[in-house]
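So the chains spell out like this:
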Amino acid sequence: IAVGDDYWIENDQGAKVYKVNGKAARIRDTWKLEDAGRNTVAEIQEKKLSVRDTIKIDLHGGRSATVKKALIGVRDRFHVEVEGGDDIKVHGNIVDHEYEMERDGDKIAEISKKWFRVRDTYGVQLAQGQDVPLILAVTVCVDQMARG
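Remember, predicted model here, so these are calculated numbers, not experimental data.

A tally of helices and strands in the protein yields one helix and eleven strands. For the protein, the α and β elements follow one another from N to C terminus as β-β-β-β-β-β-β-β-β-β-β-α. Looking at the 148 residues of the protein, the share that counts as buried comes to 37%. Long-range contacts, defined as pairs at least 24 residues apart, comprise 22% of the intrachain contacts of the protein with a sequence gap of at least 6. Summed over all atoms, the accessible surface of the protein reaches about 8600 Å², with 46% contributed by carbon and sulfur.

Listed below in structure tokens is the structure:
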């Protein structure tokens, strides 16, 4: 995703279900995750002046999460602190979009390009009962942070 870019997230039938609305600011980059009715379900803000890569997610209903890049390890790893919920671990080949998200050792989402032949396209498969806006917002954060 390039700064200021907008793009649609489609479901497995190809229907546009969420829009990532990117906006560039001087101090931070901001993205809004909107549902098909253009209602904001999450606001994502990158803290550019942070010592460690950190992006904050404000979800509809007053909930929030913070995505942080792990400082150690050969492969990229991210830790998501979920306010009022269990934390999420993100690990795998982030740059190639082949990774998964776990909560308490259980896989809650898998992200992969191997399901698609179109360049710059990847899928997010969620386990039953997951918070869709949270998982998609985390995916946007990880994608942005992997770009450097």
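Still to come is the rest of the account.
Relative to the elements of secondary structure, Leu126 occurs in strand β11 (residues 123–126). In this structure the C-alpha to C-alpha distance between Leu126 and Leu136, which are ten residues apart in sequence, comes to 9.6 Å. With sequence-adjacent residues up to four places away left out, Leu126 is seen in contact with Ile108, Ala109, Val132 and Ile135.

Inspection of the entire model under this criterion finds six salt bridges. Between Glu34 and Arg38 there is a salt bridge, with its nearest N and O atoms 3.0 Å apart. Accessibility expressed as a relative area gives 6% for Glu34, which makes it buried. Classification of Arg38 by relative accessible area gives partly exposed; the value is 46%. The shortest N-O distance in the salt bridge between Lys56 and Asp58 comes to 3.0 Å. Residue Asp58 is classed as partly exposed on the basis of its relative accessible area of 30%.

In this section: the layout of surface pockets. A probe as big as a water molecule, rolled over the atoms, marks out the empty space that is left. By volume, the largest pocket amounts to about 970 Å³. Around the largest pocket sit 31 residues that line it, and Ile9, Glu10, Tyr122, Gly123 and Val124 are the ones nearest its centre. Of all the secondary structure elements, the ones that give two or more residues to the lining of the largest pocket are β1 (6–10), β2 (16–24), β11 and α1 (132–146). Class assignment of the residues belonging to the lining of the largest pocket gives a composition of 15 nonpolar, seven polar and nine charged.

It is worth spelling out the confidence of the model for the protein at this point. With 82% of its residues at a pLDDT of at least 70, the protein reaches an overall mean of 83. Confidence, read as mean pLDDT per element, is least for β2 in the protein (81) and greatest for strand β10 (residues 106–112) (95).

It is worth spelling out the nonpolar core at this point. Counting residues in each nonpolar core, the largest one holds 33 residues, and the members touching the most others are Leu33, Ile57, Ile88, Val90, Met101 and Val138. By residue number, the principal contributor to this core is α1, which donates nine residues. Setting aside residues up to four positions removed in sequence, Ile57 forms contacts with Ala42, Glu43, Ile44, Arg63, Ser64, Ala65, Val67, Ala137, Val138 and Cys141.

Basis of the calculations
- Residues numbered from 1 in each chain as written.
- Predicted model: local features only at pLDDT ≥ 70, side-chain atom pairs only at ≥ 80, totals over all residues.
- Heavy atoms only, no water.
- Helix = DSSP H or I, 4+ residues; strand = E, 2+ residues; numbered from the N terminus.
- Buried < 20%, exposed > 50% of the residue type's maximum accessible area, 1.4 Å probe, protein only.
- Contact = heavy atoms within 4.5 Å.
- Areas by Shrake-Rupley, 256 points an atom, 1.4 Å probe, with all protein chains shown as cover.
- Salt bridge = Lys/Arg side-chain N within 4 Å of Asp/Glu carboxyl O.
- 1 Å grid on protein atoms, 1.4 Å probe; cavity = no way out; pocket = protein on both sides within 12 Å on 5 of 7 lines; lining within 4 Å.
- Points joined across faces, edges and corners; volume = space filled by probe spheres on them.
- Nonpolar A, V, L, I, M, F, W, Y, C, P; charged D, E, K, R; others polar.
- pLDDT = per-residue confidence, 0-100.
- Core = buried A, V, L, I, M, F, W, Y, C linked by side-chain atoms within 4.5 Å.

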